[in-house]
Each structure stands twice: as C-alpha cells, then as structure tokens.
Amino acid sequence: MADLSPQELRVLAAVADAGGFSAAGAALGLTQSAVSHSVRGSEAKVGAVLFERGRAGARPTPAGERAVALGRRILRMYEVLGAEARGAGRDTVAGVLRIAAFRSAALHLLPPALDRLAARHPGIRPEVRVVRELGAGTAGEVAAGRADLGIATLNATGATGATGATGSVPAEAAAPGRLLTGVLREEAYALVHPAGHPDPKALPLLDWDENCGSYTRDWWRAQDWIPQATVKAEDDGMVLTMVGRGLGMAILPELSLREATDAVDITGLGPSGPVRRVGYVTTPEFASTLAVRALIRELRAEEG
C-alpha cells in the first residue's frame, strides 16, 4: 500500500472540516475536481471509503474519521519536527503548544502553570481552547488531532470521564492511536448553599450537564436528601452564581469553588463524599515532545 503524502492528508482534513469538496478546495486554494481526485486516490491507497458523498456535502465514514484524526496528528508532528530538532540538547524549546481544557481548569489550573512555562521557555506560544466535557470532551480534541494536550476529568481507572454520550479512552498506549493520561490532582466535592440559609438541603439541587461522571452519580443516588428534580444551568460558574442568589444548593468540586463569594457557604461532605480526578490527556507521540513534557512538569509542580 502506497503511503499518503502530507498534501493528501491536508485534503482529507480540509474535507472533514469543511463538510464538502468544494468548500475544502476553497480553503486550500484547489479546484473541486482536484480535491475529489485526491480523495479518490487516498481511498484507493487506504483500501476503504473515507467519505459519504451526497447533496449535502461529504461526511467521513468511520474509516474516514479514523484516517482524518490520525492524519491531523501526523501533520502536526511534521509541524513540530523543526522545533524538536532545534531544541534537542538545549534547555528550552519554541513553537505553538495547543491545549484544550474544560472551563474551571482553564481559569484556575492552567494560568499558574503557563506563567512558569513562559518564564522557563519563552519561545513556547500556548493556544488554549475551552472545551466542554460533553461527548468526547477534551480527550476527543486530542484524539482528533486538534490539541496536543488536554486537561480532562478522569475516572478511577485513569480513563476520561466526561458525562453525556462519551467513550472512555484507555490510558495505555499499547496500540497506535491510544491516548496517555496522568492524574494531576484529586479534589473533593462540597455542598455549596446560600450563606446563612437555615436548611440548605431543602433547596432545589442546581446542576449542569458537564458535571462529572458515574463515580459521583453513584454517590448522589445513595443520598436520600438529594432531590430527584434538579435545575440545570449552563456551567458550574452559573450554578455558583445561582446558589449565591438563593435559587438552590449544589455539589461542586474544588476548582469550581475557587470562584465562591461571601454570598455562599461551603460545607464538606466527609470522607465518603465524591472525589474527582483531574488530569492531562495526550498522545503517545506528543508525550515525548519537549513542549508537552515541559507543560506536564509545570502542571505537576502546581499540584506538588
């Protein structure tokens, strides 16, 4: 089987991103027929149909999704090759470092680590995107080749644990394409309620769709004082604001509670209360790059 060229990989990624051959051609400065010819050639080399064609455009097949994700990661490694070579044998590295993080991690966990990273490696240019921990979440951004490292919630086995229609990503790198994870911190949940309220457990429960997975939900189901009916908010920051306004109580992890004001009181849930793990997610190939290794060191130093 002939290898796919970098240009063929760029075309596949552009078609997946644009949703069609014409739009991909416009993005790449190519004609629609050139894009179509390139995709057909890639499919012949791979031995699988990579896109479903239709009037609405082109949509990746399961084989196409896999090929596009790995293709993005290969192209990204081409991009960092020069920086890695120049940084070999030195104490610093330069270049763009793409990071995906959920909201509270982006606000409170990343900034001090990035400050230290900038002091030690001023040539690194972090690009941080906030990604909701729904569906594939930040781990999905890494797997799809859109981020070099993600900050994610992890379950007890080390796999990513976003709520919603999510798939756990194995922590091992025994097979190509699998992701590597590492725990950065464990943080307990606490009950947060309007300051001075005489009976916070009588209030409605405020929650948000992103709230962490089954290991916390199992604890919730065992508590007879948590109401079945809940009020949903957009994110944990909105939940905290609504609690401060007396609209309910909530169970929030420590990172989210860093934004708490005097309008709320915080009560611990004891040693049997739920705990979430926050960690990093990266690919086996990026785990060995200088920039990702440097960021992981600073993230671990923050929690050390």
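As a reminder, the structure under discussion sits directly above these lines.
Residues numbered from 1 in each chain as written. Predicted model: local features only at pLDDT ≥ 70, side-chain atom pairs only at ≥ 80, totals over all residues. Heavy atoms only, no water.

A. Examining the overall build of the protein more closely. Check the secondary structure of the protein and you find 11 helices and 11 strands. Within the protein, contacts between residues at least 6 apart in sequence are counted, and of these 72% link residues at least 24 apart. Total accessible area on the protein stands at roughly 14,300 Å², and carbon and sulfur atoms take up 54% of it. (Helix = DSSP H or I, 4+ residues; strand = E, 2+ residues; numbered from the N terminus. Contact = heavy atoms within 4.5 Å. Areas by Shrake-Rupley, 256 points an atom, 1.4 Å probe, with all protein chains shown as cover.)

B. Region of interest: the layout of surface pockets. Of the volumes computed, that of the largest pocket is approximately 220 Å³. Surrounding the largest pocket, 13 residues form its lining, Trp220, Arg221, Ile226, Pro227 and Gln228 being those nearest its centre. Elements with a minimum of two residues in the lining of the largest pocket: strand S7 (205-208), helix H7 (214-221) and strand S8 (230-233). Of the residues contributing to the lining of the largest pocket, the split by class is five nonpolar, three polar and five charged. There is about 160 Å³ of room inside the second largest pocket. Lining the second largest pocket we find Leu4, Ser5, Pro6, Leu9, Arg66, Ala67, Leu70, Gly71, Ile74 and Tyr78. Contributing elements (two or more residues each) for the lining of the second largest pocket: helix H1 (6-18) and helix H4 (62-87). In terms of residue class, the lining of the second largest pocket is built from seven nonpolar, two polar and one charged. (1 Å grid on protein atoms, 1.4 Å probe; cavity = no way out; pocket = protein on both sides within 12 Å on 5 of 7 lines; lining within 4 Å. Points joined across faces, edges and corners; volume = space filled by probe spheres on them. Nonpolar A, V, L, I, M, F, W, Y, C, P; charged D, E, K, R; others polar.)

C. Structural detail: the pairing of strand S4 (residues 124-130). Strand direction decides the pairing type here: strand S3 (residues 95-101) and S4, joined by seven bridges, are parallel. The partner of Gly95 across the bridge, within S4, is Ile124. For the handedness criterion, the β-α-β arrangement of S3, helix H5 (residues 103-120) and S4 is classed as right-handed. (Pairing = 2+ DSSP bridges. Right-handed = clockwise from strand over helix to strand, strands pointing away.)

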